[in-house]
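# Structure at a glance
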Amino acid sequence: MSVWRLQALFHNFKAILELNNTALAGMAEMEQALGGEYIFDRPFLESSVRRVSSLVHHAVYCLNALTGNAYVPLYDRYQDILAVLDAILAGGNSGRAGAPVLALEDIGWELEPLVGIEAVCLAELGRHAGVRAARGAVLTTVGVDALLGRVGTPVETSAARETAESSLAAALQAMGEERSVLLVAGVRAGGDFVEDVGDLPGDLFAFEADHGPEGSLPAALELVRRIEREARACPGPLAVLVLSVPTADVSGAVRTRAQDEPEMLHVEARQTGAGNDAFFLRRVHPFDMVRSEITPRQGGRRFADGRRATDAVSRSMGRGSALIPLSALKSLAETAMTLERMLGVPVEAQWREAAGEACVICRVSPRPVRLEAPSDGELAEEMARATVLARGGQLVQSGVAAGLAVHVREDTAPADFPLGAVAVARTASPRLTPVLRMASAVVTEYGTAAGHLATVARELRLPAVFGLADATRLIPDGRSVTVDAGEGVVYDGVLDSLLRHGAAGDLSPTDPEYRTLRRLLRFIMPLHLVNPAAPGFSVQGCRTMHDILHFCHDRAVDELAHFQERRPGLGAIRSRRLHAGVPLDMRVLDVGGGVDPAAGDEVGVDDVRSVPFEIFLRGLNRPAAWDDGASALGLGDIMANMPRTMGMLEGGTEAQGASLAVAGADYLNLSLRMGYHFSVVDAYLGPEQSRNYVYFRFAGGLAAGKRRERRARFIALVLERMDFLVTREADLVVGRLKLAEDYSLRVALETLGALTAYCRQMDTVMGDEGDVGRILDDFSARFMPPPVSDEPVETAEATT
């Protein structure tokens, strides 16, 4: 292989990175429009889709140029996704447009024209931990037309009708549950969202039905006939919700804004023969009760939970005569506020409670209420008294929300996070997605508006600010706060006027352009390919433009990380010896800006100009990392590895090999051979932070298998502490770090340099399991910064 071939590979790789940057910037612009950062129109949507699509297509071309056309089928996936985007822009349906019946769990925002907004809300609600929503299915607008014989030629009509009928019958047969009934409702779909007060979208028809005998096809077909009759009498387009709901002991409705007191949340509960109760709660977490109106009931009455009013529920309190307990009220309030964020307007949700079970949300409808924004004087007075806890960061999703601040980590269990609280995290890790589904706002110290978590926040319409420095220190855990994401400010306490001001001024998600953009982004921005080691990380697994970009990037990194193995002709390339200042035989190949142009055939550390290489060498040269420990190698270790040892010894210098660094100004590919282990560092630190990454691979060792595995576990733990995505198999460790702050990437690279020296013979001394933790603690104390540092990191630029 000649140098120009290698440079061509590298240039294709850089082109992919640059295309990623530009395409992601375009996607971010579309998401920022969705997040309320600025107003947009239809030409903006069309030009944005064209620009992003063209860049993604170019990235696919470069990947195939880099890999020798190893991913030609990726062109087909690209064309499939582009066809969906074109269909959405043309105002048509897409993706699963042909499906006559869809289960709720398969429905997303992109399918709203087919199923109606209520089905989308119930489906999204079903994905929230801690929330119970009715299960069921939807006969789509396509399914209704098919059932009514409104499609195509007579032959096509007959086939479509048969498919719709059998699909709906099968769905009905599968929905039989004990203590439940079927709730059937015809709802509007495919038209404009009606928002004006007094003109609410409502049911075109609705009825309840028994399930019938379990799995009974005749009963299901009879119900299909009734649905057909009801639908035929209604104007289109319509979809039909079929829900399995509890046979309720207590039921009611929760409204995020009470009709006459919109500053409060209203819960209504009713039970046959027991009258109605009304409860008014604050609209922010923890949803304190403001007042209640409880109907007097006869003494000795036994309620749905089996208790009487005088039964003790704690040492000092009786059950009381309210139809539902306070905990259920707060749960309903939290759920309703989640729905309001998704819809962007106040909502009413109908619920049912079976004895001894949680409330189930059965129906959802927008309930617009005219709100009076606070006067300028009110707002100014409140702002003058407000205390700012933190300010700064990057807007991800506009909006104002309040609640208790709760510090979260990647390993925070969603069940431990209070629904409706404000999540405060150090990094915007995708692993926080389950927590976001339960939060009212999110603030992170690190992360960008182009990351996966930012996409999730926008999808949920969750006020979000990323990159707010020192957020975890400035926003105490457990403090009641108000987040104004648009201004990038977190205030102490709940600011009611600011909350009302934010609710009045937000972009409405009911606008046609907003809904089109939201559907487009479902096929552009979500990142489904997260774990390169997962079976689904493939061409066929690409479902969005972002997936394709990420796939191109990952495969390009993999290609360069292995290029020495896949292109053995590299030995013919002229490289220069590097005097690294440590006992390593290392050579460097400059692919552009990696080494001082004035350097001779042999270069020193001071001649290195590659930013990632310079940072790595700084860690590698730390004297403490080269402290020699006593080797505890036994005869068994020697014998167990004798074949490998002899193979390496007999393999000549090429097999043992010098370490080789392929270095550019902002790129490093380093293949390190240190005795009996082999590692690869592949890193890019360019000006576009969103595309920077560090890849690390380690394998090998002289000691017996158990000891090598312990060292591998130790290395994996070090990587995980630096937020790498880590996979390990025996003594092979692979770590990837991307979508991280520049600070974190630089710290990771320098730490990898120290780790490379520190662990070079570590397998020989890891005699028992306790050594893993002991050595990890020692390395962490000596070479790793604390988890959250107020001190600026010494960078290559700062020292040169």
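Residues numbered from 1 in each chain as written. Predicted model: local features only at pLDDT ≥ 70, side-chain atom pairs only at ≥ 80, totals over all residues. Heavy atoms only, no water.

## Regarding the overall build of the chain
- When helices and strands are tallied, the chain shows 25 helices and 28 strands.
- Counting every position in the chain, which comprises 800 residues, the buried fraction comes to 55%.
- Sequence separation of at least 24 residues holds for 65% of the intrachain contacts in the chain that already meet a minimum separation of 6.
- Accessible surface, the chain: about 32800 Å² in total, of which carbon and sulfur atoms supply 50%. (Helix = DSSP H or I, 4+ residues; strand = E, 2+ residues; numbered from the N terminus. Buried < 20%, exposed > 50% of the residue type's maximum accessible area, 1.4 Å probe, protein only. Contact = heavy atoms within 4.5 Å. Areas by Shrake-Rupley, 256 points an atom, 1.4 Å probe, with all protein chains shown as cover.)

## Regarding the environment of M383
- For M383, the location among the structural elements is in helix α10 (residues 376-385).
- Along the primary structure M383 and L495 are separated by 112 residues, whereas in three dimensions their C-alpha atoms are 8.4 Å apart.

## Points about helix α15 (residues 512-522)
- Taking burial as the measure, the 11 residues of α15 include 8 buried ones, the bulk of the element.
- Within the span of α15, buried status applies to Y514, R515, T516, L517, R518, R519, L520 and L521.

## A few points about the sheet that holds strand β9 (residues 289-293)
- The antiparallel open sheet is built from 6 strands, whose spatial order is β9-β8-β7-β6-β10-β11. The strands lining the two open edges of the sheet, one partner per strand, are β9 and β11 (360-366). For this sheet, the mean inter-axis angle between neighbouring strands, taken without regard to orientation, is 15°.
- Inspection of the sheet shows strand β6 (residues 250-255) paired to strand β10 (residues 347-353) by 6 bridges, in the antiparallel sense. By the bridge assignment, S251 is partnered in β10 with R352. (Pairing = 2+ DSSP bridges. Axes fitted to C-alpha atoms, helices over the stretch in contact; angles between N-to-C directions.)

## Let's talk about the packing of helix α18 (residues 611-620) against helix α23 (residues 742-758)
- Where α18 contacts α23, the axes come no closer than 6 Å and their chain directions differ by 45°. The pairing of α18 with α23 is recorded here as oblique in orientation. Between α18 and α23 lies a crossing of right-handed hand. On α23, the residues that touch V611, P612, I615, F616, R618, G619 and L620 of α18 are R746, L749, E750, L752, G753, A754, T756 and A757.
- Taken together, the residues of the contact of α18 with α23 break down into 9 nonpolar, 3 polar and 3 charged. (Parallel < 35°, antiparallel > 145°, perpendicular 65-115°, else oblique. Left-handed = near helix turned anticlockwise from the far one by under 90°. Nonpolar A, V, L, I, M, F, W, Y, C, P; charged D, E, K, R; others polar.)

## Side note on the nonpolar core
- Counting 84 residues, the largest nonpolar core has I107, V267, I324, W351, F417 and L436 as its most contacted members.
- The biggest single contributor to this core is helix α9 (residues 326-343), with 9 residues.
- In contact with F417, not counting residues within four places along its chain, are V406, V408, V422, A423, V435, M438 and A439.
- In this structure, F13, M27, A59 and V60 belong to the second largest nonpolar core, which totals 63 residues. (Core = buried A, V, L, I, M, F, W, Y, C linked by side-chain atoms within 4.5 Å.)

## Things to note about the sheet that holds strand β14 (residues 400-408)
- Across the sheet, 8 strands lie side by side as β12-β19-β18-β14-β15-β16-β17-β13; this open sheet has mixed pairing. For this open sheet the edge positions go to β12 (388-391) and β13 (394-397), each flanked by a neighbour on one side alone. The mean inter-strand angle of the sheet, taken between neighbouring strand axes irrespective of direction, is 30°.
- For strand β18 (residues 480-484) and strand β19 (residues 489-492), the ladder comprises 4 bridges, and the chain directions are antiparallel. Paired with T482 across the strands is Y491, a residue of β19.
- Relative to the sheet, helix α12 (residues 452-459) contacts β13 and β17 (464-466), its axis offset from that of β13 by approximately 50°.

## Some points on the side chain of S251
- Mapped onto the secondary structure, S251 falls in strand β6.
- With residues up to four places along the chain from it excluded, the contact list for S251 reads E268, A269, R270, W351 and R352.

## A short note on unusual backbone geometry
- In this chain, H285 is followed by P286 through a cis amide linkage whose omega measures 10°.
- Among the structural elements, P286 can be located in the loop between β8 (275-281) and β9.
- The residue N69 is not glycine, and still its phi comes out positive at about 60°.
- With respect to the secondary-structure elements, N69 resides in the loop between α2 (42-67) and α3 (73-89).
- Owing to a relative accessible area of 51%, N69 belongs among the exposed residues under this scheme.
- The backbone of D470 sits at a positive phi, close to 65°, despite the residue not being glycine.
- Tracing the chain through its elements places D470 in the loop between β17 and α13 (471-474).

## A short note on the packing of aromatic side chains
- Counting across every chain of the model gives 11 aromatic pairs.
- Between the aromatic rings of F13 and Y667, the centroid separation amounts to 5.3 Å while the plane-to-plane angle is 55°, which identifies the pairing as tilted. On the criterion of sequence distance, the pair formed by F13 in helix α1 (residues 3-34) and Y667 in strand β24 (residues 667-674) is long-range, its members being 654 residues apart. Neither F13 nor Y667 differs from the other in exposure class; each is buried.
- Judged by centre distance (6.2 Å) and plane angle (5°), the ring pair of Y446 and Y743 falls under stacked. A residue pair is termed long-range when its members are at least 10 positions apart, and Y446 in strand β16 (residues 441-446) and Y743 in helix α23 qualify at 297 residues. Each of the two residues, Y446 as well as Y743, counts as buried.
- Residue placement shows R226 over the ring face of F207; its charged tip is 3.7 Å from the ring centre.
- If you follow R291 out to its NZ or CZ, it ends over the ring of F280, 4.1 Å from the centre. (Phe/Tyr/Trp six-rings, centres within 6.5 Å; stacked < 30°, edge-to-face > 60°. Lys NZ or Arg CZ within 6 Å of the ring centre and 35° of its normal.)

## Considerations on the confidence of the model for the chain
- This prediction gives the chain a mean pLDDT of 80; 84% of its residues lie at or above 70.
- Taking the mean pLDDT of every element in the chain, the minimum, 33, falls on helix α25 (residues 796-799) and the maximum, 96, on β19.
- In this model, residues 629-657 is a region of pLDDT below 50 whose contacts with residues beyond four sequence positions or in other chains number 36 contacts.
- The model gives residues 788-800 a pLDDT under 50, and that stretch makes 22 contacts with residues more than four places away or in other chains. (pLDDT = per-residue confidence, 0-100.)

## Notes on the pairing of strand β15 (residues 422-427)
- Burial within β15 is extensive, with 5 of its 6 residues counted as buried.
- Two strands pair when backbone bridges link them, and β15 and β16 are joined in this way by 5 bridges, in the parallel orientation. Its bridge partner being in β16, A425 is matched across the sheet by T444.

## Re the pattern of salt bridges
- In total, this model carries 31 salt bridges according to the counting rule given.
- A salt bridge links R161 to E228, with the shortest nitrogen-to-oxygen separation between them at 3.2 Å. You can see R161 sitting in helix α7 (residues 154-173) and its partner E228 sitting in helix α8 (residues 217-232), a full 67 residues away along the chain.
- According to the relative accessible area criterion, R161 is partly exposed, its value standing at 27%.
- Take E228: its relative accessible area is 10%, and that puts it in the buried class.
- A salt bridge links D771 to R774; the nearest nitrogen and oxygen atoms lie 3.1 Å apart. Of this pair, D771 and R774 both sit in helix α24 (residues 770-783), 3 residues apart, which is roughly one turn of the helix.
- Look at R774 and you get partly exposed, because its relative accessible area is 49%. (Salt bridge = Lys/Arg side-chain N within 4 Å of Asp/Glu carboxyl O.)

## Concerning the environment of G467
- Position of G467 relative to the elements: it lies in the loop between β17 and α13.
- Classification of G467 by relative accessible area gives partly exposed; the value is 29%.
- Residues within four places of G467 in sequence aside, it is in contact with G393, T444, E445, Y446 and G447.

## Quick word on the side chain of R710
- As for its placement among the helices and strands, R710 is situated in helix α22 (residues 705-721).
- Discounting chain neighbours no more than four positions away, the residues touching R710 are M766, G767, D768, E769 and V772.

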